[in-house]
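Here are the chains, one letter per residue:
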Amino acid sequence: MTDDLTSRLVVTLDLDGVTDKAALMDRVARALRLPAWFGRNWDALADSLCDHSVWPEDAVEKGLLLVVRGWEAYAEARPEEWKTAREVFAEAADRTPALAVALGLGGSSQGPSGEPG
(Lines give C-alpha, C1' and ligand atoms only; values in the text may rest on other atoms or scores of the structure.)
Protein backbone atom coordinates (compact mmCIF):
# COMPACT_ATOMS: atom_id res chain seq x y z
CA MET A 1 0.00 0.00 0.00
CA THR A 2 1.21 3.48 -0.80
CA ASP A 3 1.09 6.50 1.51
CA ASP A 4 -0.39 8.68 -1.25
CA LEU A 5 -3.89 9.71 -0.12
CA THR A 6 -5.08 9.98 -3.73
CA SER A 7 -4.62 6.24 -4.26
CA ARG A 8 -6.83 5.27 -1.31
CA LEU A 9 -10.44 4.23 -1.59
CA VAL A 10 -12.46 7.33 -0.74
CA VAL A 11 -15.62 6.81 1.30
CA THR A 12 -17.83 9.78 2.12
CA LEU A 13 -19.53 9.80 5.49
CA ASP A 14 -22.38 12.27 4.98
CA LEU A 15 -23.71 13.49 8.33
CA ASP A 16 -26.20 15.96 6.87
CA GLY A 17 -29.29 15.81 9.10
CA VAL A 18 -27.57 13.81 11.86
CA THR A 19 -28.31 15.21 15.31
CA ASP A 20 -27.53 12.29 17.64
CA LYS A 21 -25.16 9.39 18.21
CA ALA A 22 -27.59 6.73 16.98
CA ALA A 23 -27.95 8.45 13.61
CA LEU A 24 -24.17 8.94 13.40
CA MET A 25 -23.58 5.24 13.99
CA ASP A 26 -26.22 4.32 11.39
CA ARG A 27 -24.54 6.57 8.81
CA VAL A 28 -21.11 5.12 9.58
CA ALA A 29 -22.45 1.57 9.27
CA ARG A 30 -24.06 2.41 5.94
CA ALA A 31 -21.10 4.36 4.50
CA LEU A 32 -18.53 1.69 5.41
CA ARG A 33 -20.93 -1.20 4.75
CA LEU A 34 -20.21 -2.58 8.21
CA PRO A 35 -21.60 -5.98 9.18
CA ALA A 36 -24.96 -6.29 10.94
CA TRP A 37 -23.17 -7.12 14.20
CA PHE A 38 -21.54 -3.65 14.33
CA GLY A 39 -22.21 -2.54 17.92
CA ARG A 40 -23.09 1.12 17.21
CA ASN A 41 -21.08 2.48 20.14
CA TRP A 42 -17.78 4.38 20.39
CA ASP A 43 -15.65 1.29 21.08
CA ALA A 44 -17.22 -0.59 18.16
CA LEU A 45 -16.62 2.41 15.90
CA ALA A 46 -12.96 2.59 16.91
CA ASP A 47 -12.53 -1.15 16.42
CA SER A 48 -14.21 -1.07 13.00
CA LEU A 49 -12.13 1.85 11.78
CA CYS A 50 -8.96 -0.03 12.76
CA ASP A 51 -10.03 -3.45 11.46
CA HIS A 52 -9.23 -3.95 7.77
CA SER A 53 -11.37 -7.09 7.67
CA VAL A 54 -14.60 -5.06 7.91
CA TRP A 55 -13.56 -2.30 5.47
CA PRO A 56 -14.92 -2.17 1.93
CA GLU A 57 -12.99 -4.70 -0.17
CA ASP A 58 -10.91 -2.24 -2.25
CA ALA A 59 -9.81 -0.38 0.89
CA VAL A 60 -7.97 -3.40 2.25
CA GLU A 61 -5.41 -3.17 -0.55
CA LYS A 62 -5.47 0.57 -1.27
CA GLY A 63 -6.07 2.06 2.16
CA LEU A 64 -9.09 4.12 3.19
CA LEU A 65 -9.73 7.84 3.12
CA LEU A 66 -12.91 8.60 5.09
CA VAL A 67 -14.22 12.05 4.23
CA VAL A 68 -16.70 13.32 6.81
CA ARG A 69 -19.00 16.01 5.44
CA GLY A 70 -22.10 17.76 6.74
CA TRP A 71 -20.89 17.37 10.34
CA GLU A 72 -21.39 20.97 11.47
CA ALA A 73 -25.05 20.65 12.59
CA TYR A 74 -24.24 17.53 14.60
CA ALA A 75 -21.27 19.28 16.19
CA GLU A 76 -23.53 22.17 17.19
CA ALA A 77 -26.41 19.99 18.43
CA ARG A 78 -24.24 17.54 20.39
CA PRO A 79 -20.83 19.11 21.05
CA GLU A 80 -19.71 16.48 23.58
CA GLU A 81 -20.68 13.61 21.29
CA TRP A 82 -18.95 15.30 18.37
CA LYS A 83 -15.82 15.75 20.49
CA THR A 84 -15.86 12.03 21.22
CA ALA A 85 -16.42 11.20 17.54
CA ARG A 86 -13.45 13.37 16.53
CA GLU A 87 -11.30 11.67 19.16
CA VAL A 88 -12.32 8.23 17.87
CA PHE A 89 -11.56 9.22 14.27
CA ALA A 90 -8.18 10.71 15.25
CA GLU A 91 -7.14 7.76 17.40
CA ALA A 92 -8.13 5.26 14.72
CA ALA A 93 -6.17 7.16 12.07
CA ASP A 94 -3.15 7.35 14.41
CA ARG A 95 -3.30 3.60 15.10
CA THR A 96 -3.96 2.55 11.51
CA PRO A 97 -1.56 3.85 8.86
CA ALA A 98 -3.86 2.66 6.06
CA LEU A 99 -6.65 4.95 7.36
CA ALA A 100 -6.98 8.70 6.93
CA VAL A 101 -9.96 10.75 8.07
CA ALA A 102 -10.69 14.21 6.66
CA LEU A 103 -13.34 16.65 7.81
CA GLY A 104 -14.92 18.36 4.83
CA LEU A 105 -15.72 22.05 5.24
CA GLY A 106 -18.86 23.61 3.86
CA GLY A 107 -22.34 22.45 4.56
CA SER A 108 -24.09 22.09 1.23
CA SER A 109 -23.83 19.43 -1.42
CA GLN A 110 -25.23 21.94 -3.93
CA GLY A 111 -23.21 24.38 -5.93
CA PRO A 112 -23.84 28.16 -5.89
CA SER A 113 -26.54 27.87 -8.54
CA GLY A 114 -28.47 25.30 -6.52
CA GLU A 115 -27.35 22.52 -8.83
CA PRO A 116 -25.57 19.50 -7.33
CA GLY A 117 -21.91 20.39 -6.89
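Before any of the text, the structure's been laid out above.
What comes next concerns the included structure. This structure is a prediction, so every number in the text was calculated from the model and none was measured. (Residues numbered from 1 in each chain as written. Predicted model: local features only at pLDDT ≥ 70, side-chain atom pairs only at ≥ 80, totals over all residues. Heavy atoms only, no water.)

The subject of this paragraph is the side chain of Ser 48. Within the secondary structure layout, Ser 48 lies in helix α2 (residues 42-50). Given a relative accessible area of 7%, Ser 48 falls into the buried group. The contacts of Ser 48, once residues within four sequence positions are left out, are Leu 34, Phe 38, Val 54 and Trp 55. (Helix = DSSP H or I, 4+ residues; strand = E, 2+ residues; numbered from the N terminus. Buried < 20%, exposed > 50% of the residue type's maximum accessible area, 1.4 Å probe, protein only. Contact = heavy atoms within 4.5 Å.)

Time to look at the packing of aromatic side chains. Summed over all chains, the structure comprises 3 aromatic pairs. A centroid spacing of 5.3 Å and a plane angle of 5° characterise the contact between Trp 71 and Trp 82, whose relative ring orientation is stacked. With Trp 71 in the loop between β2 (64-69) and α4 (72-77) and Trp 82 in helix α5 (residues 79-95), this pair connects stretches of sequence that are 11 residues apart. Judged by relative accessible area, Trp 71 falls into the buried class, the value being 15%. Owing to a relative accessible area of 3%, Trp 82 belongs among the buried residues under this scheme. (Phe/Tyr/Trp six-rings, centres within 6.5 Å; stacked < 30°, edge-to-face > 60°.)

Looking now at the side chain of Glu 81. Residue position: Glu 81 is located in helix α5. Among the polar contacts made by the side chain of Glu 81, one reaches the side chain of Tyr 74 at a distance of 2.8 Å. (Polar contact = N/O pair within 3.5 Å; in protein donor to acceptor, adjacent residues only side chain to side chain.)

Let us now look at the pattern of salt bridges. Counting across every chain of the model gives 4 salt bridges. Between Arg 78 and Glu 81 there is a salt bridge, with the nearest N and O atoms lying 3.2 Å from each other. Taking relative accessible area as the criterion, Arg 78 reaches 35% and is therefore assigned partly exposed. With its nearest N and O atoms 3.3 Å apart, the salt bridge here joins Glu 91 to Arg 95. With Glu 91 and Arg 95 both in helix α5, this residue pair falls 4 residues apart, about one helical turn. Taking the relative accessible area as the measure of exposure, Arg 95 reaches 47% and is therefore partly exposed. (Salt bridge = Lys/Arg side-chain N within 4 Å of Asp/Glu carboxyl O.)

These figures capture arrangement, not role.
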